[in-house]
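# Chains, contacts and geometry: an overview
Residue strings, one per chain:
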Amino acid sequence: MPQQPEIQDIYPLSFMQEGMLFHSLYDEQSRAYFEQASFTINGQLDLDRFQKSMDAVFDRYEIFRTTFIYKNVAKPRQVVLKNRSCHVHFEDISHLNEREKEHCTEAFKEQDKKRGFDLQSDVLMRISVLKWAPERYVCIWSHHHILMDGWCLGIIIKDFLHIYQALGEGRLPYLQPVQPYGTYIKWLMQQDREEAAAYWKKRLQHFEKASSLPKRNEQVSEGELQQVTFTISERETSDLQKIAAASGATLNTVFQALWGILLQKFNRCDDAVFGSVVSGRPSEPEDVENIVGLFINTIPIRVQSKALSFSGLVSRMQKEMTEAEAYSYFPLYDIQAQSALKQELIDHIIVFENVPTQQEIEGLNQTGSFGFSVENFAMAEETNYGCSVKVIPGRTLFVRINFHTGLYEPGIIAEIKDYLQHMISAVISDPSLPVSKMTLLNHDKTQKMVAEYNTTGACFSVTRRCTGCLNVRWL
C-alpha cells in the first residue's frame, strides 16, 4: 500500500484560484490558464546542478508543493505537502539537423500543452531541457496559472540563478526567509466582502449597455486563436509618459483611457467598461512583494468621458483606480453580480504587463558569471476570454491582441492599430482635446471610407465592422 504524502498545511483557495479551478473543470479540453515559457540557453549547462537548484526552489516555496483537492469535499481546498519534487526532463536532439530540431521543439511544446495538468494529482510545474548542441539548449518551463502570476516568475528565476551559482561555487545558497502563500489567504479571508460589494455596486450603477469590440455578425464555433501585434514608437511612448506625469497618473491609465475612448467610439456612447488584470498585491501582509502565489484579479474599468478633456479623463481615472485598489481583491463573479449586465459586463480584458522576468534575464546576461546566457524568452498563455490585450511597457509600448476568429474578424482587429495610432497622435498634439472631438480616423481616411462604402445615413462597412450601427458621422 503506497504511503500517503505528509501534509504541511491546508487552506482555502483565493477567489481567482476558485475561478480558474471552475473553468478547468467546466472545460477539461481548454488550454486556458496553461502557461508555457520557453527560452534558449547558450553556454555550459550543468544538468545535475540545474535539477538540484529546482529542488531547492520547490523546498523554498510551498505553492509548488500544493495540490488542489476538489473531489469528495464540501469546498475545494489547497493542500501543501511537506515534500514534492519536480523532475527536470532532459532530451538530446543534437543529432538532428536545424530544421528537424525546430520541428521537434515545436512539436514537444505543443504536446506539452495538450498534456495539460490535473489540478488534484499532478505536480503543477514541468521543466524540460532539449539539447540542441554542446553549448545550446532550449528550456520549456510550463505551469498552471493557478500556482502563480507573472510577477512571481521573475522572483523564481532570480532565486533559481542565485542557488545555481552558489552550488557551482561549492557553497550553500543564502536567501532571506519568505512568507508562505497561506499568509495572503489568511489576510484575504479577513476582508469585508459586504463593503467591497457596496463599492462595486455604486461604481457600476446606471451602466446598462455593454461596450464590446466589434464582433462578427454571425459567430462561428470553428474559429481559431490568432494574434495581432504592433508597437507604439519610442517618441510616442515618451510623449504619453509626459501626459501621464502631468495628470498625476501612470502610463497604464493613459492607455486604458485611450482604449475606453476606442470602445466609446465603436459603441457611440460616452461610457464604456472593459476588464483589467490588476496585480492584486495589497500593502499588507509584510513582504507581500516577495510572496510567490496567485494574486492577480480581473476588475472592470469604467471610462466615463462626458464633457472631459483627454488629460482630465486620465486624471479622474487615476483617482478612481486608487479608490478601487482597496477592493481589487473582490472576485469578478461577485463584482458582475452587482451590475445590471451580470455576466455580460466584460467583453474582453487588458493586461498591462509590468513583471521583472525580462530584467532578471538581462541582469544574468550582463554579469556573465553563470557560464551561460539566455535569449529568445517567450511566454505562451491563453485565457477564457475571446479577446485579450497585453501591453508590454519599455522604451516602446508593445501591444499584442489575442482573439478568436470565430468571434472577431481578423481585418477588424488589425485596424485597431490605426485607430489607436490616430488617437495617440491627436492627444500628444493637444492633451486638453475634448474626448467628444476625438475621432478614430483622420479626415482623409474618413472621406475615403465614405466614398468606398457610399454610407449616406447608413452604417459604414455594414458586413464587416459592427455589433451595432457605426455611423460615419461619429468618426
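Look up: the structure comes first, before these words.
Parameters at a glance
- Residues numbered from 1 in each chain as written.
- Predicted model: local features only at pLDDT ≥ 70, side-chain atom pairs only at ≥ 80, totals over all residues.
- Heavy atoms only, no water.
- Helix = DSSP H or I, 4+ residues; strand = E, 2+ residues; numbered from the N terminus.
- Buried < 20%, exposed > 50% of the residue type's maximum accessible area, 1.4 Å probe, protein only.
- Contact = heavy atoms within 4.5 Å.
- Areas by Shrake-Rupley, 256 points an atom, 1.4 Å probe, with all protein chains shown as cover.
- Pairing = 2+ DSSP bridges.
- Axes fitted to C-alpha atoms, helices over the stretch in contact; angles between N-to-C directions.
- Phe/Tyr/Trp six-rings, centres within 6.5 Å; stacked < 30°, edge-to-face > 60°.
- Lys NZ or Arg CZ within 6 Å of the ring centre and 35° of its normal.
- Salt bridge = Lys/Arg side-chain N within 4 Å of Asp/Glu carboxyl O.
- Core = buried A, V, L, I, M, F, W, Y, C linked by side-chain atoms within 4.5 Å.
- 1 Å grid on protein atoms, 1.4 Å probe; cavity = no way out; pocket = protein on both sides within 12 Å on 5 of 7 lines; lining within 4 Å.
- Points joined across faces, edges and corners; volume = space filled by probe spheres on them.
- Nonpolar A, V, L, I, M, F, W, Y, C, P; charged D, E, K, R; others polar.
- Polar contact = N/O pair within 3.5 Å; in protein donor to acceptor, adjacent residues only side chain to side chain.
- Parallel < 35°, antiparallel > 145°, perpendicular 65-115°, else oblique.
- Left-handed = near helix turned anticlockwise from the far one by under 90°.
- Expected span 1.5 Å × (residues − 1).

### Considerations on the overall build of the protein
Helix and strand content of the protein: 14 helices and 14 strands. Burial statistics for the protein: of 475 residues in total, 50% are counted as buried. Residue pairs at least 24 apart in sequence account for 76% of intrachain contacts in the protein once pairs closer than 6 positions are excluded. For the protein, the computed accessible surface area is about 22800 Å², with 49% contributed by carbon and sulfur atoms.

### A closer look at the sheet that holds strand β4 (residues 77–81)
An order of β1-β4-β3 is seen for the three strands of this open sheet, with the pairing classed as antiparallel. Strands at the two margins of the open sheet, each flanked by one partner only, are β1 (7–11) and β3 (66–69). In this sheet, adjacent strand axes meet at a mean angle of 25° when their direction is disregarded. Sheet analysis places β1 next to β4, joined by four bridges and oriented antiparallel. In the sheet register, Tyr11 faces β4, and the bridge partner there is Gln78.

### Notes on the packing of aromatic side chains
A complete count under the given rule lists 19 aromatic pairs for this structure. With a centroid separation of 5.8 Å and an interplanar angle of 20°, the aromatic rings of Phe22 and Tyr26 are classed as stacked. Highlighted residues: Phe22 and Tyr26, both in helix α1 (residues 15–26), separated by four residues, approximately one helical turn. With respect to class, Phe22 is no different from Tyr26; both count as exposed. In this arrangement the basic side chain of Arg49 is found over the ring face of Tyr164, its NZ or CZ atom lying 4.0 Å from the centre. Of note, Arg126 hangs over the ring of Phe117, and the distance from its end group to the ring centre comes to 4.2 Å.

### So, the pattern of salt bridges
Two side chains that carry opposite charge are able to pair once their charged atoms sit near each other. Here the structure, examined in full by the defined rule, presents 20 salt bridges. Of the charged contacts, one joins Asp239 and Arg235 as a salt bridge, the two residues approaching to 3.3 Å between their closest N and O atoms. With Asp239 and Arg235 both in helix α7 (residues 234–246) and four residues apart, the pair spans about one turn of that helix. Residue classification places Asp239 among the buried residues on the basis of a relative accessible area of 18%. One network of salt bridges, with partners in common, ties together Arg203, Arg316 and Glu320.

### Brief notes about the sheet that holds strand β6 (residues 125–133)
As summarised here, the arrangement of the five strands in space is β5-β6-β7-β2-β12, forming an open sheet in which the pairing is mixed. One side of each edge strand has no neighbouring strand; the edge strands of this open sheet are β5 (88–92) and β12 (372–380). Across the sheet, the mean angle separating the axes of adjacent strands is 20° when strand polarity is ignored. Bridge count between β6 and strand β7 (residues 136–144): eight bridges; the pairing is antiparallel. Bridged to Val129 within β7 is Cys139. Contacts from helix α3 (residues 98–115) reach β2 (34–43), β5, β6, β7 and β12, with the element oriented near 175° to β6.

### Considering the nonpolar core
Core analysis: the largest hydrophobic core is formed by 129 residues, its most contacted members being Phe50, Phe64, Trp259, Phe310 and Ile401. When residues in this core are grouped by element, the largest group, ten residues, is from helix α8 (residues 251–267). Phe50 has contacts with Ile41, Leu45, Val88, Ile127, Val129, Cys139, Phe160 and Tyr164, leaving out every residue within four places of it along the chain. Core analysis: the next-biggest nonpolar cluster, separate from the first, contains six residues, Phe108, Trp132, Val138 and Ile140 among them.

### A closer look at empty space enclosed by the protein
Scanning all chains against the criterion turns up four cavities of 30 Å³ or more. If you add up the space inside the second largest cavity, you get close to 90 Å³. Residue lining of the second largest cavity: Trp200, Arg203, Ile299, Pro300, Ile301, Arg302, Met317, Glu320, Met321 and Ala324, and that is the complete set. When grouped by side-chain class, the residues that make up the lining of the second largest cavity number seven nonpolar, no polar and three charged.

### A few points about the environment of Gln179
Relative to the helices and strands, Gln179 resides in the loop between α4 (150–168) and α5 (181–189). In the structure, Gln179 is positioned 108 residues away from Asp287 in sequence and 7.2 Å away in space, judged by C-alpha atoms. Discounting residues that sit within four places of it in the chain, Gln179 has contacts with Glu286 and Ile291. Of note is the side chain of Gln179, whose polar atom sits 3.4 Å from the side chain of Thr183.

### What about the packing of α7 against helix α12 (residues 410–429)?
Their axes nearest at 10 Å, the elements α7 and α12 cross at an angle of 55°. The pairing of α7 with α12 is recorded here as oblique in orientation. The element α7 and its partner α12 pack so that their crossing is left-handed. When α7 is examined against α12, the residues Glu236, Asp239, Leu240 and Ile243 are found in contact with a partner set consisting of Gln421, Ile424, Ser425, Val427 and Ile428.

### A few points about α4
Every α-helix carries 3.6 residues per turn, so stepping three or four residues along brings you back to the same face. Look at α4: 28 Å from first C-alpha to last across 19 residues, which is about the 27 Å you get at 1.5 Å a residue. Within α4 the residues assigned to the buried category are Cys152, Leu153, Gly154, Ile155, Ile156, Ile157, Asp159, Phe160, Leu161, Ile163, Tyr164 and Ala166. The positive-phi residue at the C-terminal boundary of α4 is Gly170, with phi of around 70°.

### A few points about unusual backbone geometry
The omega torsion of the bond from Glu284 to Pro285 falls at 5°, within 30 degrees of zero and hence cis. With respect to the helices and strands, Pro285 occurs in the loop between β9 (271–278) and β10 (297–304). The backbone of His206 sits at a positive phi, close to 70°, despite the residue not being glycine. Judged by its relative accessible area of 69%, His206 falls in the exposed class. Its identity is not glycine, yet Lys306 carries a phi of approximately 45°, on the positive side. Along the polypeptide, Lys306 turns up in the loop between β10 and α9 (310–324). Judged by relative accessible area, Lys306 falls into the exposed class, the value being 55%.

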